[in-house]
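# Structural overview
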Amino acid sequence: ISTKEQESKKATIGVLDIFGFESFTTNSLEQLCINYCNEILQRQFNSAVFMKGQEEYEREGIDWDFVSYPDNRSVLDLIDSGKPSIFNHIADQSKLPRATDKGFASAIYKSFKTNKHLEATNQQVTNLKFSVAHYAGLVEYD
């Protein structure tokens, strides 16, 4: 085998960075989608490592101390699974003939004014922005 062939046959390892959460100066729909995916990955990680592991310890009668971990289900509901959700509002706005950022933002503020994972200060409302408290931190979206 030639050196070129040997180099092309080297083993590689792909790494998924489940903590690839990001927040920039400007965070739009694309960043919301990325952070939503990271929320899902975080939930999967918590389930596989903490919840399933502790269930197995119980089944096997292993003496252990319960490990508490954050449950981000309510953030996922806010973004996609709940009725209403941020994604539901985006879908609803996309069906309107003359949808506006103001109409979308108003729907978000009204629907989630008591949701502990969505925040909108007076300045954010003036600028049609809001923040989501993700597992990794608060992110402002515009």
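### Here we look at the packing of aromatic side chains
Taken as a whole and judged by the stated rule, the model has seven aromatic pairs. On the basis of an interplanar angle of 85° and a centroid distance of 6.2 Å, the ring pair of F45 and F50 is categorised as edge-to-face. By relative accessible area, F45 is classed as partly exposed at 31%. For F50, a relative accessible area of 25% translates into the label partly exposed. One aromatic cluster is present, built from ring pairs that chain together F45, F50 and Y69.

### As for the sheet that holds strand β1 (residues 118-119)
Pairing within the open sheet is antiparallel, and its three strands lie in the order β1-β2-β3. The open sheet is flanked by β1 and β3 (137-141), the only strands paired with a single partner. Of the pairings in the sheet, the one linking β1 to strand β2 (residues 130-134) comprises two bridges and is antiparallel in character. Looking at β2, one finds that L118 is bridged to V132.

### With respect to the pairing of β2
Extensive coverage of β2 is indicated by the burial of four of its five residues. As judged from the five bridges shared by β2 and β3, these two strands associate in the antiparallel manner. What sits directly across from F130, in β3, is Y141. Connecting β2 to the next strand, β3, in antiparallel fashion are two residues.

### Brief notes about the pattern of salt bridges
Counted according to the given criterion, the structure contains three salt bridges. Residue D71 is joined to R43 by a salt bridge in which the shortest nitrogen-to-oxygen separation is 2.3 Å. Highlighted residues: D71 in the loop between α2 (29-60) and α3 (73-81) and R43 in helix α2, separated in sequence by 28 residues. Here R43 falls in the partly exposed class, since its relative accessible area comes to 28%. One salt bridge in this structure joins E140 and K129, with 3.8 Å as the shortest N-O distance. One end of the pair, E140, is in strand β3; the other, K129, is in the loop between α6 (122-126) and β2, with eleven residues separating them in the sequence.

### Overview of α3
Of all the positions in α3, only V75, L76, L78 and I79 are classed as buried. An end-on view of α3 places all buried positions within 160° of arc, on one side of the element. Of the surrounding secondary structure, the elements contacted by the buried residues of α3 are α2, α4 (86-94), β1 and β2.

Thresholds applied
Residues numbered from 1 in each chain as written. Predicted model: local features only at pLDDT ≥ 70, side-chain atom pairs only at ≥ 80, totals over all residues. Heavy atoms only, no water. Phe/Tyr/Trp six-rings, centres within 6.5 Å; stacked < 30°, edge-to-face > 60°. Buried < 20%, exposed > 50% of the residue type's maximum accessible area, 1.4 Å probe, protein only. Pairing = 2+ DSSP bridges. Helix = DSSP H or I, 4+ residues; strand = E, 2+ residues; numbered from the N terminus. Salt bridge = Lys/Arg side-chain N within 4 Å of Asp/Glu carboxyl O. Arc of directions from axis to C-beta. Contact = heavy atoms within 4.5 Å.

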